[in-house]
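Observations on the model geometry
Here's the letter readout for the chains.
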Amino acid sequence: MIYADSFIPSHAIASGIMSFIDRSLGAVGLAHIGGIDKVLYSIVIIAVALLVAFAIRHAIIIALRNILKMRRSELAGQMLDLRISTKCTHIVTPLVVMSFVPWAFEAQHMIHTVLMRTLVVWLYIAFAVGINSLISLIWLRFDNRQNEKKHPLRGLLISAHGIVWVIVAISAIAEIAGKSPGALLTGMAAMSAALLLIFKDSILGFVSGILLSQNDMIRVGDWIIVPNTPANGSVEDVTLTVVKVRNWDNTLVMLPPYALISGSFQNYRGMFEIGRRLIEIDFLIDMSSLHKIDDTFIARIVGKYPEVESFVKESANAHGLVFNGGTAPVNGTIDTNAGLFRAYLCNYLLNHPCISGQEYLIVRFLPPQTEGVSLQIWCYADGDAVSWVKYEAVRSQIIEHVIVTASDFDIDIYNAGAYDIDIKDNSAATASVQSDQSSHTSPHE
């Protein structure tokens, strides 16, 4: 039986399949229904091709998985987690089916053309899935092993995936239309303005992600504060279109990457890297409690605080201001109770185990205000004291120590019914508000 005018070839296998179908249709009384034999032939051939492809693909998957499990390496574990063997073998199915089409259907027939174009598109898609899985594996290994600075590379990963899919989409459309990809790209050039408008956020995000990474402006794990936004927390993820920030109260804030590029933001990474954090505290002192002192007063202070004895002796020998220079000096005078108190506080801070002696340490008086004269302490917490909880503990300890020791020097902290301690941030008038905010806006460890 020869089907020269049909889409079915005349070789022995095709003829045998058609003869079997004809006999089967005759047995059930459907032999004279036009075209049903050809439909069944097409279904049988495609079903057989898919079954063969399924068997071959799963045999390859099982073999690859067993090999990876035997390796017991980090790379093998990552390949198993990302299901690389499953994703990369998608390409096997269209290839196997394509091998069936030439001998199962006549090359000149429309069915052959439609099937081949469909399988080529399927092949493109399977190829894209496999390539993207390999890109994900490369990104994962680099992010885990080489990206020690935690650069935000997820946006680049998404961009690479997007580029692969754009290439596949153009190639698939060109295959369906029967034109070359170059001719299709030429026609799409006219749509570039519309595409730029549609994908404006993605393009801006992509460029911003590159700038953030290239200039090392932000990393996953950085604590940032972005003005005019509720963002005040740790960076959890940076993608093509969004920067995810977990605030100190565990709320999540989503920002477009270009919001960080177009404006300014504060990054606390440097503080944590160097291991030192500024402590700046202002105390309002009652000016009427400041006075000159005599030898009796000095002797009483030295008896209670022996650590200032060396400073007193040095001041007596110098006959004036004692200032030993450097970034963390002990300075003060023995002329007034305020000068001796400053010297004592410098000595106290320099001997504090959580205060750095390698950064600026200043105890000074600022110009008088209506409420009194401001005594300012400027020093740096050191080591693990930069973490939020310990930082606040050290800061509170200093405040408490100043309050309870000031009276020994006959110094009165300004008191209007309660201690009014100003945690200075550009203006001493906003003391109580900033003190409350400080406990909420300080970066966590």
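Refer to the preceding data block for the structure.
I will try to describe carefully the structure that is included in this document. (Residues numbered from 1 in each chain as written. Predicted model: local features only at pLDDT ≥ 70, side-chain atom pairs only at ≥ 80, totals over all residues. Heavy atoms only, no water.)

With that settled, the discussion passes to the nonpolar core. Ile-279, Phe-283, Leu-340, Phe-341, Ile-377 and Ile-398 are the most contacted members of the largest nonpolar core, which has 44 residues in total. Only strand S6 (276–285), helix H13 (295–304), helix H14 (309–318), helix H15 (337–350), strand S10 (373–382) and helix H16 (388–406) provide two or more residues apiece to this core. With eight residues, the top contributor of residues to this core is H15. When sequence neighbours within four positions are dropped, the list of residues in contact with Phe-341 reads Leu-375, Val-402, Thr-405, Ala-406, Phe-409 and Ile-411. Ranked by size, the runner-up nonpolar core spans 13 residues in total, among them Ile-224, Ala-231, Val-238 and Leu-255. (Core = buried A, V, L, I, M, F, W, Y, C linked by side-chain atoms within 4.5 Å. Buried < 20%, exposed > 50% of the residue type's maximum accessible area, 1.4 Å probe, protein only. Helix = DSSP H or I, 4+ residues; strand = E, 2+ residues; numbered from the N terminus. Contact = heavy atoms within 4.5 Å.)

Along the chain, Ser-133 falls in helix H6 (residues 110–145). For the pair Ser-133 and Cys-88, spaced 45 residues apart in the sequence, the C-alpha separation amounts to 7.4 Å. The contacts of Ser-133, once residues within four sequence positions are left out, are Ile-84, Lys-87 and Cys-88. Only 2.6 Å separates the side chain of Ser-133 from the backbone oxygen of Gly-130, close enough to count as a polar contact. (Polar contact = N/O pair within 3.5 Å; in protein donor to acceptor, adjacent residues only side chain to side chain.)

Structurally, the position occupied by Asp-408 is in the loop between H16 and strand S11 (421–422). Residue classification places Asp-408 among the buried residues on the basis of a relative accessible area of 16%. With residues near it in sequence (within four places) discarded, Asp-408 still touches Phe-297, Arg-300, Ile-301, Lys-304 and Tyr-305.

Let us now look at H15. In a regular helix each residue adds 1.5 Å, so 14 residues correspond to 20 Å; H15 covers 20 Å between its end C-alpha atoms and thus fits that length. Of all the 14 residues making up H15, 13 are buried; the element is thus mostly covered by neighbouring parts of the structure. (Expected span 1.5 Å × (residues − 1).)

So, on to the pattern of salt bridges. Evaluated as defined, the whole model comprises ten salt bridges. With a closest N to O distance of 3.4 Å, Arg-219 and Glu-273 form a salt bridge. Here the residue Arg-219 occupies a position in the loop between helix H10 (200–214) and strand S1 (223–225), and Glu-273 occupies one in helix H12 (residues 269–274), the gap between them amounting to 54 residues. Its salt-bridge partner being Arg-269, residue Asp-222 comes within 2.9 Å of it at the nearest N-O pair. Of this pair, Asp-222 sits in the loop between H10 and S1 while Arg-269 sits in helix H12, and the two are 47 residues apart along the sequence. The two residues Asp-222 and Arg-269 agree in class, both being buried. Sharing partners across several salt bridges, the network here consists of Arg-276, Glu-359 and Asp-382. (Salt bridge = Lys/Arg side-chain N within 4 Å of Asp/Glu carboxyl O.)

Quick look at the packing of aromatic side chains now. All told, the structure shown has five aromatic pairs when counted by the stated rule. Taking 5.7 Å as the distance between ring centres and 15° as the angle between the ring planes, the aromatic pair formed by Tyr-305 and Phe-409 counts as stacked. Of this pair, Tyr-305 sits in the loop between H13 and H14 while Phe-409 sits in the loop between H16 and S11; the two residues are 104 residues apart in sequence, bridging distant segments of the chain. Phe-409 sits in the buried class, given a relative accessible area of 0%. (Phe/Tyr/Trp six-rings, centres within 6.5 Å; stacked < 30°, edge-to-face > 60°.)

Turning our attention to the packing of H15 against H16. Two elements in contact, H15 and H16, have axes separated by 12 Å at closest approach and are oriented at 145°. Of the two elements, H15 crosses H16, and the hand of that crossing is right-handed. Of H16, the residues touching H15 (which contributes Phe-341, Tyr-344, Leu-345, Tyr-348 and Leu-349) are Gln-397, Ile-398, His-401, Val-402, Thr-405 and Ala-406. Of the residues that constitute the contact of H15 with H16, the class distribution is eight nonpolar, three polar and no charged. (Axes fitted to C-alpha atoms, helices over the stretch in contact; angles between N-to-C directions. Left-handed = near helix turned anticlockwise from the far one by under 90°. Nonpolar A, V, L, I, M, F, W, Y, C, P; charged D, E, K, R; others polar.)

Taken in spatial order, the five strands line up as S4-S3-S2-S1-S5 in an open sheet, and their pairing is antiparallel. The open sheet is flanked by strand S4 (252–255) and strand S5 (266–267), the only strands paired with a single partner. Where S1 lies against strand S2 (residues 232–238), three bridges are found, and the strand directions are antiparallel. The residue of S2 that forms the bridge with Ile-224 is Gly-233. (Pairing = 2+ DSSP bridges.)

Take the environment of Val-207 next. For Val-207, the location among the structural elements is in helix H10. In sequence terms Val-207 and Tyr-258 are 51 residues apart; their C-alpha atoms lie 8.2 Å from each other.

Attention now moves to H16. In this model H16 runs 27 Å from its N-terminal to its C-terminal C-alpha over 19 residues, within 8% of the 27 Å that 1.5 Å per residue would give. All of the buried residues in H16 are Trp-388, Tyr-391, Glu-392, Val-394, Arg-395, Ile-398, Ile-399, His-401, Val-402, Ile-403, Thr-405 and Ala-406.

As for its position among the elements, Asn-347 is in helix H15. Assessed through its relative accessible area of 18%, Asn-347 is described here as buried. Beyond its immediate chain neighbours, meaning those up to four positions away, Asn-347 contacts Glu-307 and Val-330.

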